[in-house]
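The residues making up each chain are set out below.
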Amino acid sequence: MWTRIAVAIALAVLPGAGLAQTEPLAELVRLKQTTNAGRLAALQEILTERKIPFEAQTFDGGRKDKPQEGTNLSVAFGSGPREIVVGAH
């Protein structure tokens with residue numbers, strides 16, 4: 001639940017997010033999927049529709065007896081000597 005809320009909040013405040021075109025809660029509903037792959041696809045669609053460039057980074061995860069692949073999406077804004085990294089699980 002917190003991941004979905006964090007994503008909705010992030011989308012609501014990101015520069016160029018185009019709030020006049022869509023409501024954050026409507027996008028939150030789009031993230032309600034039954035699988036990780038479905039949530040990932042929905043988030044990628046939202047970012048693409050908002051013209052927010054992102055980078056997908058896959059990694060190996062899961063447990064020893066049940067390995068699985070995961071994907072992180074990274075978005076960079078602005079430039080400068082400092083970076084702020086925000087993540088959610």
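Residues numbered from 1 in each chain as written. Predicted model: local features only at pLDDT ≥ 70, side-chain atom pairs only at ≥ 80, totals over all residues. Heavy atoms only, no water.

K.L.:
What should I look at first to understand the pattern of salt bridges in this one?
P.N.:
In a structure, side chains of opposite charge can pair up when their charged atoms sit close to one another. Scanning all chains against the criterion turns up four salt bridges. Salt-bridge contacts for Arg-50 lead to Glu-27; the nearest nitrogen and oxygen are separated by 3.0 Å. Within this pair, whereas Arg-50 is found in the loop between α3 (36-49) and β1 (55-63), its partner Glu-27 is found in helix α2 (residues 24-30), the two being separated by 23 residues in sequence. A relative accessible area of 2% places Glu-27 in the buried class. Between Glu-49 and Arg-30 there is a salt bridge, with the nearest N and O atoms lying 2.8 Å from each other. Of the two residues, Glu-49 is situated in helix α3 and Arg-30 in helix α2; the sequence distance between them amounts to 19 residues. (Salt bridge = Lys/Arg side-chain N within 4 Å of Asp/Glu carboxyl O. Helix = DSSP H or I, 4+ residues; strand = E, 2+ residues; numbered from the N terminus. Buried < 20%, exposed > 50% of the residue type's maximum accessible area, 1.4 Å probe, protein only.)

K.L.:
Any chance you could explain unusual backbone geometry here in plain terms?
P.N.:
Excluding glycine, residues mostly carry a negative phi; peptide bonds, for their part, are mostly trans. For Lys-51, which is not glycine, the phi dihedral falls at a positive 60°. Assignment of secondary structure puts Lys-51 in the loop between α3 and β1.

K.L.:
Please clarify how α3 should be interpreted in this entry.
P.N.:
What sets the pattern is the α-helix's 3.6 residues per turn: residues three or four places apart point alike. Here α3 is 14 residues long and its end C-alpha atoms lie 20 Å apart, about the 20 Å a rise of 1.5 Å per residue gives. Buried within α3 we find Gly-38, Ala-42, Leu-43, Ile-46 and Leu-47. Taken down its axis, α3 places every buried residue within 165° of arc, on the same side. α3 presents Ala-37 and Thr-48 as exposed residues on the side facing more than 90 degrees away from its buried surface. Downstream of α3 by one or two residues, Lys-51 has phi in the positive range, about 60°. (Expected span 1.5 Å × (residues − 1). Arc of directions from axis to C-beta.)

K.L.:
Looking at this structure, I do not really get the pairing of β1. What am I missing?
P.N.:
Relative to strand β2 (residues 66-74), β1 runs antiparallel, the two being bridged by nine bridges. Paired with Ala-56 across the bridge in β2 is Leu-73. Joining the antiparallel neighbours β1 and β2 is a turn of two residues. (Pairing = 2+ DSSP bridges.)

K.L.:
Would you take a moment to explain the confidence of the model for the protein chain for this structure?
P.N.:
Taken as a whole, the protein chain shows an average pLDDT of 76; of its residues, 72% reach a score of 70 or greater. Helix α1 (residues 2-13) is the least confidently modelled element of the protein chain, averaging 48 in pLDDT, while α3 averages 92, the highest of any element. Scored below 50 in pLDDT, residues 1-6 shows eight contacts in the model against residues more than four places distant or in partner chains. (pLDDT = per-residue confidence, 0-100. Contact = heavy atoms within 4.5 Å.)

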